[in-house]
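# Analysis of the macromolecular model
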Amino acid sequence: MSATAPAPHKPAKAADERLLTTSPLKKLLGRPELGSVVGAVAVFLFFAIIADSFLQANSIATVLYAASTIGIMAVPVALLMIGGEFDLSAGVMVTTSALMSSMFSYQMTANVWVGVGVSLLATLAIGVFNGVMLIRTDPPSFIITLGTFLMLTGMNLGFTKLISGTVSTKSISDMEGFSSAKDVFASTITVGGVDFKITIVWWLAMVAVATWILLRTRAGNWIFAVGGGEQAARAVGVPVGRTKIGLYMGVAFGAWVSGQHLLFNYDVVQSGEGVGNELIYIIAAVIGGCLITGGYGSAVGAAVGALIFGMTSKGIVYAEWNPDWFKFFLGAMLLLATLLNAWVRKRAEATK
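Just so you know, these numbers come straight off a predicted model, no measurement behind them.

Rules used throughout
- Residues numbered from 1 in each chain as written.
- Predicted model: local features only at pLDDT ≥ 70, side-chain atom pairs only at ≥ 80, totals over all residues.
- Heavy atoms only, no water.
- Helix = DSSP H or I, 4+ residues; strand = E, 2+ residues; numbered from the N terminus.
- Contact = heavy atoms within 4.5 Å.
- Areas by Shrake-Rupley, 256 points an atom, 1.4 Å probe, with all protein chains shown as cover.
- Buried < 20%, exposed > 50% of the residue type's maximum accessible area, 1.4 Å probe, protein only.
- Pairing = 2+ DSSP bridges.
- Patch = residues over 30% accessible without salt bridge, like charges linked within 9 Å, V, L, I, M, F, W, Y side chains within 5 Å.
- Salt bridge = Lys/Arg side-chain N within 4 Å of Asp/Glu carboxyl O.
- Phe/Tyr/Trp six-rings, centres within 6.5 Å; stacked < 30°, edge-to-face > 60°.
- Lys NZ or Arg CZ within 6 Å of the ring centre and 35° of its normal.
- Expected span 1.5 Å × (residues − 1).
- Axes fitted to C-alpha atoms, helices over the stretch in contact; angles between N-to-C directions.
- Left-handed = near helix turned anticlockwise from the far one by under 90°.
- Nonpolar A, V, L, I, M, F, W, Y, C, P; charged D, E, K, R; others polar.

The next thing to look at is the overall build of the chain. The secondary structure content of the chain amounts to 14 helices and two strands. A separation threshold of at least 6 residues defines the contact pool for the chain, and within that pool the share at least 24 residues apart is 76%. About 17800 Å² of surface is accessible on the chain, with carbon and sulfur atoms providing 67% of the total.

Structural data, given as structure tokens:
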């Protein structure tokens, strides 16, 4: 009786790499906002030690307000940068939005909400213009939006002088609908005896919506794909044109919200405001982890970048330093954040 030959040894089946689990540390290192969060904690601790009044509740509310006025714009600008484009007209577009609301309401003696609605449509049209010009012509977004920036700057001043006779708008505080519009765009919410501006709510809402779009929708995949490689994205069926137009409309919507706050918070708008703010929005996005080359970043990171801006601008005041040094510290933070973000990305790639 012959013995049964043993069955041949079968090599172990290689594990499907799609089923491999990722450690929490690797996930953390892969987050684009990690560097900005570390920077925000450092800035917070620094001013908490240096400035005695920095940790007071009213001071925190002031910091959050300063951060929200930047963050409302930094979030859509970050999404645009993830998509691989820039918008140098974002700063003056805020002023354009406010001027349109004010002058239309005043000249037409209409309910303030009519001016607000007209401003929304006109501001979104500017965003569509930037997007269409980008996809239909050869110049990069830097050149196209620089042209829009110059046109809007001239229009803001020219139309304001033509209609109002001065460089500022007329007061509309006594017009119908002003108080309700102010409640929406420039009211104050009191929590525990501390006053918080409603722009903080707008800011957090925009962060939540933008994060949902980026991480939970097909449009978010399109944004990352377009920023990572436009030709490759188009080859796999991504609607590149629609995606970029939508991103520019997102920036325009943020400009509209910021513009309405500017109008209803101060009642009168100066036509020359907003110039240079576009760089602050871009800086906040870069500090938050967005790459200049596109394809990488997050809305949360841009929000943290705006928070760093708010803490620094107000922390210098609370520390009783010369505010002339603010731009120096802002530039230093930009460089440090860029280096830290680059280090974090290298560490994340090394652990894959």
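Tracing the sequence through the fold places Trp-321 in the loop between helix 13 (299-318) and helix 14 (326-350). With relative accessibility at 30%, the residue Trp-321 sits in the partly exposed group. Trp-321 has contacts with Phe-46, Phe-47, Ile-50, Ile-316 and Phe-329, leaving out every residue within four places of it along the chain.

Bridging between strand 1 (residues 188-191) and strand 2 (residues 194-197) involves four bridges; their strand directions are antiparallel. In the sheet register, Val-191 faces strand 2, and the bridge partner there is Val-194. Counting the residues in the hairpin turn of strand 1 and strand 2 gives two residues, including Gly-192, whose phi is positive at 60°.

On the surface, a cluster of nonpolar side chains totalling about 650 Å² of accessible area is made up of Phe-129, Met-133, Met-151, Met-155, Phe-159, Leu-162 and Ile-163. Of all the secondary-structure elements, those providing two or more residues to the nonpolar patch are helix 5 (112-136) and helix 6 (141-164). Here the nonpolar patch gets five residues from one element, more than from any other, and that element is helix 6. The exposure class of Phe-129 is partly exposed, given its relative accessible area of 37%.

As a rule of thumb, non-glycine residues mostly have phi less than zero, and peptide bonds are mostly trans rather than cis. A positive phi is found at Asp-267, a non-glycine position, where the angle reads about 75°. When you line up the elements, Asp-267 lands in the loop between helix 11 (240-266) and helix 12 (277-287). Among the residues examined, Asp-267 registers a relative accessible area of 14% and is labelled buried. In the Ramachandran plot, Glu-320 falls in the positive-phi region, its phi being about 60° despite a non-glycine side chain. Inspection of the secondary structure puts Glu-320 in the loop between helix 13 and helix 14. A relative accessible area of 72% places Glu-320 in the exposed class.

Moving on, we get to the pattern of salt bridges. Applying the stated criterion to the full structure yields three salt bridges. Here Lys-244 and Glu-85 are joined by a salt bridge, their closest N and O atoms 2.4 Å apart. One end of the pair, Lys-244, is in helix 11; the other, Glu-85, is in the loop between helix 3 (57-82) and helix 4 (90-107), and 159 residues separate them in sequence. An identical accessibility class is assigned to Lys-244 and Glu-85; each is buried. Among the ionic pairs, Arg-234 bridges to Glu-230, the shortest N-O distance being 3.3 Å. One end of the pair, Arg-234, and the other, Glu-230, are both in helix 10 (residues 230-235), four residues apart, so they sit about a helical turn from each other. Classification of Arg-234 by relative accessible area gives partly exposed; the value is 41%.

With that settled, the discussion passes to the packing of aromatic side chains. Inspection of the entire model under this criterion finds 12 aromatic pairs. A centroid spacing of 6.1 Å and a plane angle of 40° characterise the contact between Trp-113 and Phe-185, whose relative ring orientation is tilted. Separated by 72 residues along the polypeptide, Trp-113 in helix 5 and Phe-185 in helix 7 (residues 178-185) bring together distant segments of the chain. Among the residues examined, Phe-185 registers a relative accessible area of 2% and is labelled buried. Aromatic rings pair up to connect Trp-113, Phe-178, Phe-185, Trp-202, Phe-253, Trp-256 and Phe-264 into one cluster. Geometry around Tyr-65 places Lys-197 over its ring, the cationic atom sitting 6.0 Å from the centre.

Before going further, it helps to examine helix 6. Here helix 6 contains 24 residues, and its C-alpha end-to-end distance of 33 Å stays within 8% of the 34 Å for a straight helix at 1.5 Å per residue. Buried-residue contacts for helix 6 involve helix 4, helix 5, helix 11 and helix 12. Positive backbone phi, at 80°, marks Gly-165, one or two positions downstream of helix 6.

Further remarks concern the packing of helix 5 against helix 6. Close contact between helix 5 and helix 6 brings their axes to 9 Å; oriented N to C, the two are set at 145°. The handedness of the crossing between helix 5 and helix 6 is right-handed. For the pair helix 5 and helix 6, contact is made by Ile-126, Phe-129, Asn-130, Met-133 and Leu-134 and by Ser-141, Ile-144, Thr-145, Thr-148, Met-151 and Leu-152, respectively. Classifying every residue of the contact of helix 5 with helix 6 gives seven nonpolar, four polar and no charged.

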